[in-house]
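# Examining the three-dimensional arrangement
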Amino acid sequence: MSYDVAVWAGPRPADDEAAAEQFELFVEVLDDDEPPAPSSAMVAFLEDLLSVLPALDESEDPRSPWATGPEPGDVSGDFAYLTMTYPGAEAALDTVAAVARRHGLVCFDPQDERLL
């Protein structure tokens, strides 16, 4: 099992409920056979994030927060779906949210259905 985190470009939703609705729309795009290429905003976010929290395959540190990747395939258009381990989320979720905010992106916790 993993702890999932969603990040997307766009205005910050007014509340957690609005964010959950917007999240569901993005998830539908992930189910497309040919999802859109990552936007430049999301590529910049992922590069910045990986400079702080290296990808699982680039880090030999067993404390890596990632369950998989993250990698470009985790990003579709203006949406990223990142998977962390539960201990990794405890340690690094605030960092993911801070990097997202630095890029003007929305960060959402689908488990608790709350904005970060």
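Anything mentioned here points back to the structure above.
Residues numbered from 1 in each chain as written. Predicted model: local features only at pLDDT ≥ 70, side-chain atom pairs only at ≥ 80, totals over all residues. Heavy atoms only, no water.

Of all hydrophobic cores here, the largest spans 26 residues; its most connected members are V7, F45 and V96. The set of elements that each furnish at least two residues to this core consists of β1 (3-9), α2 (40-52), β3 (79-84), α3 (86-102) and β4 (105-109). If one sorts the elements of this core by residue count, α3 sits on top with seven residues. Excluding its chain neighbours within four sequence positions, the residues that come into contact with F45 are V7, L82, V96, V99, A100, H103 and L105. Judged by nonpolar contacts, the second largest core, of ten residues, contains A19, F23, F79 and F108. (Core = buried A, V, L, I, M, F, W, Y, C linked by side-chain atoms within 4.5 Å. Buried < 20%, exposed > 50% of the residue type's maximum accessible area, 1.4 Å probe, protein only. Helix = DSSP H or I, 4+ residues; strand = E, 2+ residues; numbered from the N terminus. Contact = heavy atoms within 4.5 Å.)

A surface patch of negative charge is lined by D15, D16, E17, E21, E24, E28 and E113. Summarising the element assignment, E21 is placed in helix α1 (residues 16-30). (Patch = residues over 30% accessible without salt bridge, like charges linked within 9 Å, V, L, I, M, F, W, Y side chains within 5 Å. Areas by Shrake-Rupley, 256 points an atom, 1.4 Å probe, with all protein chains shown as cover. Salt bridge = Lys/Arg side-chain N within 4 Å of Asp/Glu carboxyl O. Lys, Arg positive; Asp, Glu negative; His and termini not counted. Charge placed at Lys NZ, Arg CZ, Asp CG, Glu CD.)

Looking now at α3. Compared with the 24 Å implied by 1.5 Å per residue over 17 residues, the 24 Å span of α3 between its first and last C-alpha is a close match. A92 marks the point of greatest bend in α3, at about 60°. Residues G88, A89, A92, L93, V96, A97, V99 and A100 constitute the buried set of α3. Turning to α3, the residues buried within the fold contact β1, α2, β3, β4 and β5 (114-115). One side-chain oxygen at the N-terminal end of α3 lies 2.8 Å from the backbone nitrogen of G88; it belongs to T85. Directly after α3, the chain includes G104, whose backbone phi takes a positive value near 70°. (Expected span 1.5 Å × (residues − 1). Bend = angle between axes of the 7 residues up to and from the residue. Polar contact = N/O pair within 3.5 Å; in protein donor to acceptor, adjacent residues only side chain to side chain.)

To continue, consider unusual backbone geometry. Even without glycine at this site, E113 takes up a positive phi of about 50°. Tracing the backbone through its elements, the reader meets E113 in the loop between β4 and β5. Classification of E113 by relative accessible area gives partly exposed; the value is 46%.

So, about the pattern of salt bridges. Taken as a whole and judged by the stated rule, the model has three salt bridges. Of the charged contacts, one joins R102 and D48 as a salt bridge, the two residues approaching to 3.1 Å between their closest N and O atoms. In this pair, R102 is assigned in helix α3 and D48 in helix α2, connecting sequence segments 54 residues apart. With relative accessibility at 53%, the residue R102 sits in the exposed group. The class for D48 is buried, based on a relative accessible area of 19%. Here R114 makes a salt bridge to D109, at a shortest N to O gap of 3.7 Å. The class for R114 is partly exposed, based on a relative accessible area of 31%. Take D109: its relative accessible area is 0%, and that puts it in the buried class. In this structure, a network of salt bridges that share partners links the residues D109, D112 and R114.

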